[in-house]
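Fold and contact review
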Amino acid sequence: MGYIPKNEPDLFAVLFWGTHLLVGKRSYQLGELTTEYLNLDSQVVQELSERADDFAPAFHQIMDQPNKSQAVSVQKKLNAFYDVLLSLPPYRDLPMDYYVAYNMFPLLAAQPEKWEEAMATGSERNRQFRKMLEVYETLPERLDAFRNQIALTLELDFEDLPRRNGAAYGKAFAEYYQGMRSAGAFFFPDEDEFEQSFDAAIRFIPIRNPDNSEEIVIGEETQFQDVVSFLFTDFYRGLIHGNAPRRCHNCGRYFLLTAGYNTCYCNNIAPGETERTCRKVGAHRKEAQGRANRTPAKVEYDRAYIRLKQRKLRGKISVDEWNNAVAKAQELLEQSEQGKLTDEELKQRLNEL
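None of these values were measured; they are calculated from a predicted model.

With antiparallel pairing, 5 strands are arranged side by side in an open sheet as β3-β2-β1-β5-β4. Only two strands of the sheet have a single neighbouring strand rather than two, namely β3 (26-29) and β4 (201-209). When the angles between neighbouring strand axes are averaged without regard to direction, this sheet yields 30°. As paired strands, strand β1 (residues 12-17) and strand β2 (residues 20-23) are joined by 3 bridges and run antiparallel to one another. When the sheet's bridge partners are listed, Phe16 is paired in β2 with Leu21. Across the sheet, helix α9 (residues 227-240) touches β1, β2, β3 and β5 (212-224), and the angle it forms with β1 is around 5°.

See the structure below:
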């Protein structure tokens, strides 16, 4: 695919460098826009689908039976689709000739030679128009499939990871990848193997670091034909660098974990709160739940632990004595949980430490 630097609704370029990407003049962390799409209201995708269903038949008709008198009506239907699509990332940040996009068919109808070229079956411009129609017509369904695939992958293959970094994500992705291939071979033996590959045109250019104008870095300018290919690339590049979306255990919305940081709560204002974040509310709720679920044996152990720790801090027992006492207390707790000691016997033995 040849490189075309001009941004259009069906062909646009973003700049990758390090752990970030640049869309127009706005910088994002890798995985940030994937996270935004995971949180996108399903009604937006539904509206995009309805508008695609409205313009697609008219688009097909004017390509199969060219009629200049239909140019304005087709454009109006296409523009309703653009109104939703171009409000989404990365389109909203891209420098783009909106006048041409929103007047494409009337402009062609006013130029006989270009109209004939675009409507001539087999011509390069005609193939471009039909490819555009295919991309737009299937975009809502593919976007919905992307959101479902990533959400399911994060839940089944990433949620229980003990570590959050590139190596851990790589191992989880390998298991997911092999699982998808095996499942595909079993359930759909006549179809192509599962792959995560997307068409793109790439060039490398020197740029000033958007975070430090004194520094020159290598930028990778990548051109995509549609937003779904871009989002998959954003997601997988993020995993490589240790960034991944995660669903907040408090509010249920997705947030981006970066650079191996591991928490299950986002930093947004929690539902029903005016100042406290999910991270603060969730931690308190988790601690309160832990206290509420403590057994009598665990309560006695905690009391003994605190008492022993205070004795160590006051210098009444040495560090070695503290370590030995805590180890003994843990052993007694285990015996109690195994039914070898009653709660009263445990309390007495802990008090003797």
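The structure having been displayed, the exposition proceeds.
Take helix α12 (residues 319-337) next. Spanning 19 residues, α12 covers 27 Å between terminal C-alpha atoms, matching the ideal 27 Å at 1.5 Å per step. Taken together, the buried positions of α12 are occupied by Trp322, Ala325, Val326, Ala329, Leu332, Leu333 and Ser336. End-on view of α12: buried residues confined to an arc of 120°, all on one side of the axis. Opposite the packed face of α12, turned more than 90 degrees from it, sit the exposed residues Asp320 and Asn324.

With that settled, consider unusual backbone geometry. With an omega dihedral of 0°, the bond running from Pro89 to Pro90 counts as a cis peptide bond. Take Pro90: it is sitting in the loop between α3 (71-85) and α4 (98-101).

With that out of the way, let us pick up the state of the cysteines. Inspection of the entire model under this criterion finds 0 disulfides. No disulfide involves Cys248; its sulfur sits 3.8 Å from the nearest other cysteine sulfur, which is in Cys251. Residue classification places Cys248 among the buried residues on the basis of a relative accessible area of 2%. Not engaged in a disulfide, the cysteine Cys266 finds its nearest cysteine sulfur in Cys251; these two sulfurs lie 3.8 Å apart. Given the relative accessible area of 1%, Cys266 is considered buried.

Rules used in this analysis
Residues numbered from 1 in each chain as written. Predicted model: local features only at pLDDT ≥ 70, side-chain atom pairs only at ≥ 80, totals over all residues. Heavy atoms only, no water. Pairing = 2+ DSSP bridges. Helix = DSSP H or I, 4+ residues; strand = E, 2+ residues; numbered from the N terminus. Axes fitted to C-alpha atoms, helices over the stretch in contact; angles between N-to-C directions. Contact = heavy atoms within 4.5 Å. Expected span 1.5 Å × (residues − 1). Buried < 20%, exposed > 50% of the residue type's maximum accessible area, 1.4 Å probe, protein only. Arc of directions from axis to C-beta. Disulfide = S-S within 2.5 Å.

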